[in-house]
Amino acid sequence: MARRIHLTVLAVLATALTPAAAHAADALPPPRTVSAWLPYWDQEPAYRNALAHAAQIRTISPFWYETKSATRVDGHPGAGDRRIVNGLHAKGIQVVPTVMEQMKPGALGAVMTSPARRADHVEALIAVVRSRAYDGLDLDYETIAPTPEAKYRAVRAGYAIFVTDLCARLHTLHKQCFVTVTPKTRTAGRIWDYQRLGAAADRMRIMGYNLHYAEGRPGPLSTPEWYDEILATATAQVPRAKLEMGLPAYGWDWADGGKERAKHVTWKDAEALRRKEKAPYALDPVSGTPHFTYKDGDTRRTVWYQDARGTAAHLPVLRKYGIRNTVLWALNFEDPEVWRTLAAG
């Protein structure tokens, strides 16, 4: 809908303006709707990738910080690199670093259910955003997701209060507040109060991947049917303009019948492996994702991943729900053709 309105306005202006002005209006670039996470373990190539696609990118979130406790937020290697921050700003790209955590079960929940510890943690995060010329912060707090039944309501409410308080503080500093969440469906995502998080944050990023995950059975990372359920729920509770749909640029390599954790592969890894093993390219017609099998000694392995063709098969669901904003996990993982696919909408 927003795109149709934008095009209609341009058409009206073109009839009212001089030919030169109308031509200038036609030449306006499309709104930037693509964001991406920048992995610290592949920082320099990912940064160069961001610069190469700067015309399409609205926000880069370097995966730079990790919360250790209510009062401690540590930087990963390369965190806060001013050359990268300044270089992205010079290209008109927002820099909103991600703060993640891998705390022990229950530890983050204990912070979220304590008003005093919530307040301490807000101050720790404000110190991070003040440390550089950042445009805001992105919270990727996932250990609260498997909260026990007896505690999840309190943790859910506490996290919503925490995000509301943090966003309010960031806004007083004229900074953006992003929150990254897992999908909310009939059987998952109960920990997230989408309505309150969406009201507080400037962007709510939904991780639209890992439908099949490293510790589970082989299968696609996402499907159009799953996206339909995710977005039906999300758009009923959060303004569409605030939503960013997370798209995968990676995959998993499972050993069939085994119990070992799957190997992570980027699109580049998966395609190189497929070609090496001379496996035929196959796009699953149901999930819209590529996959192949190969033999590793006596072990049969199965790889599911995502590429530009698969992304194109998923985008109609986003259009159905009026979602124009996307965020890639992650820079330098992706099929280069995905940028053309996203530009086409």
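Residues numbered from 1 in each chain as written. Predicted model: local features only at pLDDT ≥ 70, side-chain atom pairs only at ≥ 80, totals over all residues. Heavy atoms only, no water.

Asker: Which residues make up helix 10 (residues 267-276), and what values go with them?
Answerer: Listing the buried residues of helix 10 in full gives Trp-267, Ala-270, Glu-271, Leu-273 and Arg-274. End-on, the buried residues of helix 10 take up no more than an arc of 160°, which puts them together on one face. Seen from the buried face of helix 10, the exposed residues on the opposite side, beyond 90 degrees, are Arg-275 and Lys-276. In this structure, the buried side of helix 10 is in contact with strand 10 (250-255), strand 11 (263-266), strand 12 (291-296) and strand 13 (299-305). Backbone geometry just after helix 10 places Lys-278 at a positive phi near 55°. (Buried < 20%, exposed > 50% of the residue type's maximum accessible area, 1.4 Å probe, protein only. Helix = DSSP H or I, 4+ residues; strand = E, 2+ residues; numbered from the N terminus. Arc of directions from axis to C-beta. Contact = heavy atoms within 4.5 Å.)

Asker: Which residues make up the pairing of strand 14 (residues 326-329), and what values do they have?
Answerer: In regular strands, side chains alternate between the two faces of the sheet. Taking every second residue as pointing to the same face, both faces of strand 14 are buried, with Thr-326 and Leu-328 on one and Val-327 and Trp-329 on the other. One ladder, built from three bridges, connects strand 1 (residues 34-39) with strand 14; its direction is parallel. Counted as the bridge partner of Val-34 is Thr-326 from strand 14. (Pairing = 2+ DSSP bridges.)

Asker: Requested: an account of the nonpolar core, with residues and values cited.
Answerer: Among soluble globular proteins, nonpolar side chains are generally buried collectively. Counting residues in each nonpolar core, the largest one holds 73 residues, and the members touching the most others are Tyr-159 and Phe-162. Per element, the largest residue contribution to this core is eight residues, and it comes from helix 7 (residues 152-172). With near-sequence residues (within four places) excluded, Tyr-159 lies in contact with Met-112, Leu-139, Tyr-141, Ile-144, Val-179, Trp-192 and Leu-197. Residues Met-100, Met-207, Leu-221 and Trp-329 belong to the second largest nonpolar core, which totals 17 residues. (Core = buried A, V, L, I, M, F, W, Y, C linked by side-chain atoms within 4.5 Å.)

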